[in-house]
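# Chain and residue survey
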Amino acid sequence: SFIGEESVAAGEGSILTDNPTWIIDPIDGTTNFVHRFPFVAVSIGFVVNKKIEFGIVYSCVEDKMYTARKGKGAFCNGQKLQVSGQKDIRKALLVTELGSNRDPETIKIVLSNMERLLSIPIHG
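What counts and what doesn't
Residues numbered from 1 in each chain as written. Predicted model: local features only at pLDDT ≥ 70, side-chain atom pairs only at ≥ 80, totals over all residues. Heavy atoms only, no water. UniProt positions renumbered as here; feature names shortened; annotations may be inferred. Helix = DSSP H or I, 4+ residues; strand = E, 2+ residues; numbered from the N terminus. Buried < 20%, exposed > 50% of the residue type's maximum accessible area, 1.4 Å probe, protein only. Pairing = 2+ DSSP bridges. Salt bridge = Lys/Arg side-chain N within 4 Å of Asp/Glu carboxyl O. Phe/Tyr/Trp six-rings, centres within 6.5 Å; stacked < 30°, edge-to-face > 60°.

Looking at an unreviewed UniProt entry, the protein chain carries the name inositol-phosphate phosphatase, with the source organism given as Nyctibius grandis. According to UniProt, the comment filed for the protein chain under the heading Cofactor (unreviewed entry) is "Mg(2+)". Taken verbatim from the UniProt record of the protein chain, the Pathway (unreviewed entry) comment is "Polyol metabolism; myo-inositol biosynthesis; myo-inositol from D-glucose 6-phosphate: step 2/2."

Here's what the structure looks like:
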């Protein structure tokens, strides 16, 4: 099976089944692309029995290939990635994104979450 982000965004229905399924977003970061903001990628995932098996993200502008496989770890251009060892959130840098849904109820939830994040004494 195949699920394309652009067709789903255009209103086509999509149902994830147990069948082996490719999930592809050819312009991941469409809004960035439209505004010529250089953070755009091609994202591909492969799912079997509704569980992700592997994923690939190619960051076009940076020329970086991120890959991950279930149980095998994640890599950037072949080099193993690991999460930060930082345990104190006050010394962390948090990054968030507001999303594109402008439904009033969704906006309330997003702003509530942002308020909680902003109350933590983080670096930025």
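### Let's talk about unusual backbone geometry
Peptide bonds are, in most cases, trans, and in most cases residues other than glycine have a negative phi. A positive phi angle, close to 55 degrees, is found at Asp-63, a residue other than glycine. On the secondary structure map, Asp-63 appears in the loop between strand 4 (51–59) and strand 5 (64–69). Exposure remark for Asp-63: the relative accessible area of 49% places this residue in the partly exposed category. Look at Asn-77: it is not a glycine, yet its phi comes out positive at around 50 degrees. Position of Asn-77 relative to the elements: it lies in the loop between strand 6 (73–76) and strand 7 (79–80).

### Looking at the sheet that holds strand 5
The strand order across the open sheet formed by 7 strands is 1-2-3-4-5-6-7, and the pairing between neighbours is mixed. Every other strand in the sheet has two partners, leaving strand 1 (2–4) and strand 7 as the edge strands with one partner each. Two elements, strand 1 and strand 2 (residues 21–28), share 3 bridges in a ladder whose sense is parallel. Residue pairing across strands places Phe-2 opposite Trp-22, the latter belonging to strand 2.

### Some remarks on the pattern of salt bridges
Within this structure, the stated rule accounts for 3 salt bridges. For Glu-53, the salt bridge identified is with Lys-70, shortest N-O distance 3.8 Å. Here Glu-53, found in strand 4, pairs with Lys-70, found in the loop between strand 5 and strand 6; they are 17 residues apart in sequence, far enough to count as distant. The exposure class assigned to Glu-53 is partly exposed, which follows from its relative accessible area of 27%. Notably, a salt bridge pairs Asp-88 with Arg-90, separated by 3.0 Å at the nearest N-O pair.

### Observations regarding the packing of aromatic side chains
Under the counting rule described, the total for this entry stands at 4 aromatic pairs. Consider the rings of Trp-22 and Phe-54, whose centres lie 5.8 Å apart with planes at 75 degrees: the pair is edge-to-face. Here Trp-22 is found in strand 2, whereas its partner Phe-54 is found in strand 4, with 32 residues between them in sequence. Phe-54 sits in the partly exposed class, given a relative accessible area of 26%. Through successive ring pairs, a cluster of aromatic residues spans Trp-22, Phe-46 and Phe-54.

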